[in-house]
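Fold and contact review
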Amino acid sequence: MQLINSERKGIGMEGSEKSRGRLSTGIEGLDAITYGGIPESNQVIVAGGPGCGKTLLTFEILYNNAKKGIPCTYLTLEESQQNVLQNFKSTFPNFSDIDALIEEKKIILAGNETASKVQTGTDSQSYAFSSVLSDIEDIVHTNNSKCLVIDSLSILKLMLGDVLVYRKSMFALSLNLKRLGVTSFLTMEMQHTTRQAMSFSPEFFIFDGTIVMYQSIEENKRVYGLEVLKMRGSNHSMSVSPYEITDKGFRIFTISEI
Ligand SMILES: Nc1ncnc2c1ncn2[C@@H]1O[C@H](COP(=O)(O)OP(=O)(O)OP(=O)(O)O)[C@@H](O)[C@H]1O
Ligand SMILES: [Mg+2]
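Residues numbered from 1 in each chain as written. Chains lettered and ligands numbered in written order. Predicted model: local features only at pLDDT ≥ 70, side-chain atom pairs only at ≥ 80, totals over all residues.

Notes on the nonpolar core
Where a protein is soluble and globular, its nonpolar side chains tend to be buried together. Filter applied, for reference: Nonpolar cores are built from buried Ala, Val, Leu, Ile, Met, Phe, Trp, Tyr and Cys residues. These are joined into a set through C-beta atoms within 7 Å. Exposed residues have 12 or fewer other C-beta atoms within 10 Å of their own C-beta, buried residues have 20 or more, and partly exposed residues fall in between, where C-beta atoms are placed from the backbone. Each helix corresponds to a stretch of at least 4 residues labelled H or I by DSSP, and each strand to a stretch of at least 2 residues labelled E; elements are numbered beginning at the N terminus. Placing C-beta atoms from the backbone, we regard two residues as in contact once those atoms come within 7 Å.
In this structure, Val46, Leu62, Tyr74, Leu75, Ile107, Leu186 and Ile252 are the most contacted members of the largest nonpolar core, which totals 65 residues. With 6 residues, the single largest contributor to this core is helix H4 (residues 54-67). In this structure, tyrosine 74 is in contact with Phe59, Leu62, Ile107, Leu109 and Val149, ignoring residues within four places of it in sequence.

Structure below.
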């Protein structure tokens, strides 16, 4: 197998799959391994260990779509809105029009209020969760978003505690997002960071798609790789694609499967 920089080759973009009913991520390598982007209104888990780039990747996807005029929402439930924006700007100094996109409401950056409801936990589990669902609906309606990130699901898992309540709540979330018709990215913490130690939690079965970000050590150096585990309604690459974070955004390298 040959490693190819997808920015140069753009492999995997079969004509029949790339155009209709898909949301381009705007990241060439990711569009290549998903064979043209995410099927519209799919809900995609973006899972990975600490610091692997879940927040930056999903925020870059929103940024790329907002630049094309597609209204988007980023709901941060753990990090503050200010932190998310600050980290994005310092990592990607080239994306200097981010403030203008927020000003124009092409990107709604929200979550501080919802996060405090989740984190204080004074209400009953199910009441607090239904309040989160209604916040999501209100925020999505603010700019008629077509693309949504929830960062992260892990805090909701902690809030809901009980396994059955959590599972039912995730089904409710999935149904709500489908009804709203948004293409969604839901970040999730993973306890293990390598492919070998991977285990499957219920979210991987409930939602339409799963993208996993791995970290491993090769010759004393940490290397990152990203894999599409599943994507309902679409074929996709079966490979783990190395990636790096540059000041111009994510670079995802694809493996030639020819
Ligand atoms: N300028 C940069 N160049 C390259 N990599 C960077 C740069 N800035 C940050 N990073 C990498 O991005 C990581 C942080 O990304 P991000 O916050 O998206 O991770 P995360 O998976 O969301 O983390 P968490 O699990 O803590 O929420 C840092 O750990 C660092 O490795
Ligand atoms: Mg994060």
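Looking at the packing of helix H8 (residues 125-142) against helix H9 (residues 153-160)
Packed helices, taken two at a time, are described by the angle their axes make and the gap between the axes. Condition: Axis geometry follows a simple rule: fit a line to the C-alpha atoms, using only the stretch in contact for helices, then measure angles between N-to-C directions, giving values from 0 to 180 degrees. What sets the label is the angle itself: under 35 degrees gives roughly parallel, over 145 gives roughly antiparallel, 65 to 115 gives roughly perpendicular, and the rest give oblique. Gly falls in the polar group here, along with every residue not listed as nonpolar (Ala, Val, Leu, Ile, Met, Phe, Trp, Tyr, Cys, Pro) or charged (Asp, Glu, Lys, Arg).
Between H8 and H9, whose axes approach to 9 Å, the crossing angle comes to 155 degrees. Classified by the angle between their axes, H8 and H9 sit roughly antiparallel to one another. Touching Gln125, Ala128, Phe129 and Val132 of H8 are Leu156, Met159 and Leu160, all from H9. Looking at the contact of H8 with H9 residue by residue, the classes come out as 6 nonpolar, 1 polar and no charged.

Points about the site of ligand 1
Inclusion rule: Throughout this description, a residue near a molecule or strand is one whose C-beta atom, derived from the backbone, lies within 6 Å of it.
In the vicinity of ligand 1, the contacting residues are Gly48, Pro50, Gly51, Cys52, Gly53, Lys54, Thr55, Leu56, Asn87, Thr91, Glu189 and Ile245. At 3 residues, H4 tops the list of elements feeding residues into the shell around ligand 1. A per-class count over the shell around ligand 1 returns 4 nonpolar, 6 polar and 2 charged.

Notes on the sheet that holds strand S9 (residues 209-218)
Selection rule: For two strands to be treated as a pair, DSSP must find at least two bridges joining them.
Reading across the sheet, the 9 strands line up as S6-S5-S7-S8-S4-S9-S10-S11-S12 and stay open at both edges, with mixed pairing between neighbours. Of all strands in the sheet, those with a lone pairing partner are strand S6 (107-110) and strand S12 (249-252), marking the two edges. Averaged over all pairs of adjacent strands, the angle between strand axes in this sheet comes to 20 degrees, irrespective of strand direction. As defined by bridge partners, S9 adjoins strand S10 (residues 221-231) across 10 bridges and the pair is classed as antiparallel. Note on S10: the bridge partner recorded for glutamine 215 is tyrosine 224. Across the face of the sheet, helix H5 (residues 81-91) comes into contact with strand S5 (72-76), S6 and strand S11 (240-246) while running at roughly 125 degrees to S6. Against the sheet, H8 touches S5, S6 and strand S7 (147-151), its axis set at about 145 degrees to S5.

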